[in-house]
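Fold and geometry: a report
As a plain string of letters, each chain reads:
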Amino acid sequence: AKVNDESVQPRVEEIKEKLKMFERQDIFNFDETSLFYKQPPTRTISGQAVSCLKADKMRLTVGLLCNSDGSLKFDPIIIGKHAKSHCFNKK
């Protein structure tokens with residue numbers, strides 16, 4: 001999606017101003033990403049594309065947490081699959 005820099009810039013400056021009251025070691029960031037651990041490779045060692053393989057959608061969610069200056073890094077957090085999903089309770 002396109003972002004209008006002129007409309008975003010005042011908000012960025014506002015966030016920077018609020019963060020000035022904290023030390024860099026006290027500002028944390030948590031990001032999550034997906035790891036599709038059962039998905040087969042799409043290419044071989046020789047670089048040729050592999051066909052006729054169905055992509056497996058099994059995944060784990062990996063969470064990464066560290067502070068702003070990088071002095072404190074936590075081990076990755078692995079979030080697996082829920083045994084019984086609540087959103088599909090009676091369906």
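Residues numbered from 1 in each chain as written. Predicted model: local features only at pLDDT ≥ 70, side-chain atom pairs only at ≥ 80, totals over all residues. Heavy atoms only, no water.

As annotated in an unreviewed UniProt entry, the protein carries the name DDE-1 domain-containing protein and comes from Phycomyces blakesleeanus.

Here we look at the side chain of N67
Note the cut-off: Strands here mean DSSP runs of E at least two residues long; helices mean DSSP runs of H or I at least four residues long; both are numbered from the N terminus. Any pair of nitrogen or oxygen atoms within 3.5 Å is treated as a polar contact; in protein, a donor-acceptor pairing is required on top of that, and neighbouring residues in sequence qualify only through side-chain atoms on both sides. Working rule for contacts: check all heavy atoms of both residues, and any pair within 4.5 Å makes them a contact.
Turning to its location among the elements, N67 is positioned in strand β2 (residues 60-67). At 3.2 Å, the side chain of N67 forms a polar contact with the backbone oxygen of Q25. Apart from residues lying up to four places away in sequence, N67 is in contact with R24, Q25, I27, F28 and L72.

Overview of the side chain of T61
Short version of the rule: Residue exposure (1.4 Å probe, protein chains only): buried if accessible area is under 20% of the type maximum, exposed if over 50%, otherwise partly exposed.
Here T61 is to be found in strand β2. Since its relative accessible area comes to 18%, T61 is described here as buried. Among residues more than four places away in sequence, those in contact with T61 are E32, T33, I77, I78 and I79.

A few points about the packing of aromatic side chains
To keep it simple, the criterion reads: Side-chain rings of Phe, Tyr and Trp (the six-membered ring for Trp) are treated as a pair once their centres are within 6.5 Å; stacked means planes under 30 degrees apart, edge-to-face means over 60, and tilted covers the remaining angles.
Summed over all chains, the structure comprises 1 aromatic pair. Aromatic side chains F28 and F74 sit 6.4 Å apart centroid to centroid with 45° between the ring planes, which places their arrangement in the tilted category. Here the residue F28 occupies a position in strand β1 (residues 28-35), and F74 occupies one in the loop between β2 and β3 (77-79), the gap between them amounting to 46 residues. Judged by relative accessible area, which is 42%, F28 ranks as partly exposed. Given a relative accessible area of 42%, F74 falls into the partly exposed group.

Comments concerning the sheet that holds β2
Basically, it comes down to this: One bridge is not enough; two strands pair if DSSP finds at least two bridges between them. To obtain an axis, a line is fitted to C-alpha atoms, over the contacting stretch when the element is a helix, and the angle between two such axes runs from 0 to 180 degrees between their N-to-C directions.
An order of β1-β2-β3 is seen for the 3 strands of this open sheet, with the pairing classed as antiparallel. Two strands in the sheet have a free side with no partner beyond their single neighbour: β1 and β3. Ignoring strand direction, the axes of neighbouring strands in this sheet form an average angle of 25°.

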